[in-house]
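Understanding the architecture of this molecule
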Amino acid sequence: MKKAEILDLIAQIKGGKISDEKVVEYFANYPFSDIGCAKVDMQRELRSGVGEVIYGEGKSASAILAIARECVKCGNNVLITRTNSQVAEILQKDFPLAKFNEVGRTISIIINEQKLTESYIGIISAGTSDSYAVEEAYETAKFLGNDVRKITDVGVAGINRLFLKLDEIQKAKVLIVIAGMEGALPSVIAGLVKAPVIAVPTSVGYGASFGGVAALLGMLNSCANGISVVNIDNGYGAAYNASIINHL
C-alpha cells in the first residue's frame, strides 16, 4: 500500500464512506501478500521509496509471473533482474509493454511513468565484455527514474578513448565504473572527478582474475578517494546506490 492509498483510506473512514469489512480487506495481507510461491513485500515502497524488485535467477517462470502480477495489481512498476528470453515471452503475454534487455538480462514493466532527474548518472565501462553489467546497471537506473549516460569501452588499455569523454564524465552527479581484468579503471576515474564513484568488478578475465576477485581486490585497495565497491557483476546494486545519490 502506498502513502496516497493510506491517506485516501483514512479519508474514507473519517467520511463514513467505507465499511469496517472493507477496511479489514485492505489490511488482510499486511505487511505482505502471500501468493504461495512468494511473500510479496507490499510495504517496501512506503518504507524505502522503491517497490520490490524481482531477482529472477533460480525462480521458475510461473513464480516470476505470479509475483509480477501481484506487484502490478498493486499499481507498482516491476523490474526483474537475472532473467531470460523465455521468461520475457511468457510475461509479454500478460504485459505486452514488458521490455526485455537481452544483454542485461532484465525485464521492466512500467505502469507509472516517472519524470527523470535533471542531474545524471554516468555509467563507464572498461571493455565490451563488460556490457552485461553495464546494461543491468543502465536498466535499473532508468527504472528508478534517473537520466543516465553510457560511456563504454574506454578502459586503460586505450586510455586516450577516456579523455575524449572527460567533460561528460566530470558533469555527472555520480559515476558507476565497471571493469574486469585488474580493475584499474575506477582508480583512474576517481582521480579525475569530484563525483562519488561506485566501482563494479566484473568476472571478465583470464585464469588469475579468479572470476572477478582480482578486480574486486584491486578496487577495494584503490589509493584514489571517493570510491565505494559493490559485489562482482552487481550492476543492479551499483545503480540502486547511484540512484539514491542522484536523487539527493
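Residues numbered from 1 in each chain as written. Predicted model: local features only at pLDDT ≥ 70, side-chain atom pairs only at ≥ 80, totals over all residues. Heavy atoms only, no water.

Along the backbone of the protein there are 11 helices and 11 strands. By its C-alpha atoms, the protein is 70 × 35 × 30 Å across when sized along the principal axes. By the burial criterion, 46% of the 248 residues in the protein qualify as buried. Residue pairs in contact within the protein that sit at least 24 positions apart in sequence constitute 66% of those at least 6 positions apart. For the protein, the exposed surface amounts to about 12800 Å²; the carbon and sulfur share of it is 55%. (Helix = DSSP H or I, 4+ residues; strand = E, 2+ residues; numbered from the N terminus. Buried < 20%, exposed > 50% of the residue type's maximum accessible area, 1.4 Å probe, protein only. Contact = heavy atoms within 4.5 Å. Areas by Shrake-Rupley, 256 points an atom, 1.4 Å probe, with all protein chains shown as cover.)

Next up on the list: the packing of aromatic side chains. Summed over the entire model, instances satisfying the criterion amount to one aromatic pair. When the ring centre of Tyr120 is taken as origin, the NZ or CZ atom of Arg149, which lies over that ring, is 3.9 Å away. Above the ring of Tyr138, the side-chain terminus of Lys150 is found at 4.2 Å from the ring centroid. (Phe/Tyr/Trp six-rings, centres within 6.5 Å; stacked < 30°, edge-to-face > 60°. Lys NZ or Arg CZ within 6 Å of the ring centre and 35° of its normal.)

With that out of the way, let us pick up the sheet that holds strand 9 (residues 174-179). As summarised here, the arrangement of the five strands in space is 8-7-9-10-11, forming an open sheet in which the pairing is parallel. Each edge of the open sheet is held by one strand with a lone partner, namely strand 8 (147-151) and strand 11 (227-229). For this sheet, the mean angle separating the axes of adjacent strands, direction not counted, is 25°. Taken together, the five bridges between strand 7 (residues 120-125) and strand 9 define a ladder with parallel strand orientation. (Pairing = 2+ DSSP bridges. Axes fitted to C-alpha atoms, helices over the stretch in contact; angles between N-to-C directions.)

Looking now at the packing of helix 4 (residues 61-73) against helix 5 (residues 85-94). Following both chains from N to C, one finds helix 4 and helix 5 inclined at 35°, their axes separated by 10 Å at the closest point. With respect to the hand of their crossing, helix 4 and helix 5 are arranged in right-handed fashion. Every residue of helix 5 that contacts helix 4 at Ala61, Ile64, Leu65, Ala68 and Arg69 is listed here: Val87, Ile90, Leu91 and Asp94. Among the residues forming the contact of helix 4 with helix 5, the class breakdown is seven nonpolar, no polar and two charged. (Left-handed = near helix turned anticlockwise from the far one by under 90°. Nonpolar A, V, L, I, M, F, W, Y, C, P; charged D, E, K, R; others polar.)

With that settled, consider the pairing of strand 9. In terms of burial, strand 9 is a largely internal element, six of the six residues being buried. Covered by surrounding structure in strand 9 are Val174, Ile176 and Ile178 together with Leu175, Val177 and Ala179, the residues of both alternating faces. As defined by bridge partners, strand 9 adjoins strand 10 (residues 197-201) across five bridges and the pair is classed as parallel. Paired with Ile176 across the two strands is Ile198, which belongs to strand 10. The handedness of the strand 9 to strand 10 crossover, carried by helix 9 (residues 185-190), is right-handed. (Right-handed = clockwise from strand over helix to strand, strands pointing away.)

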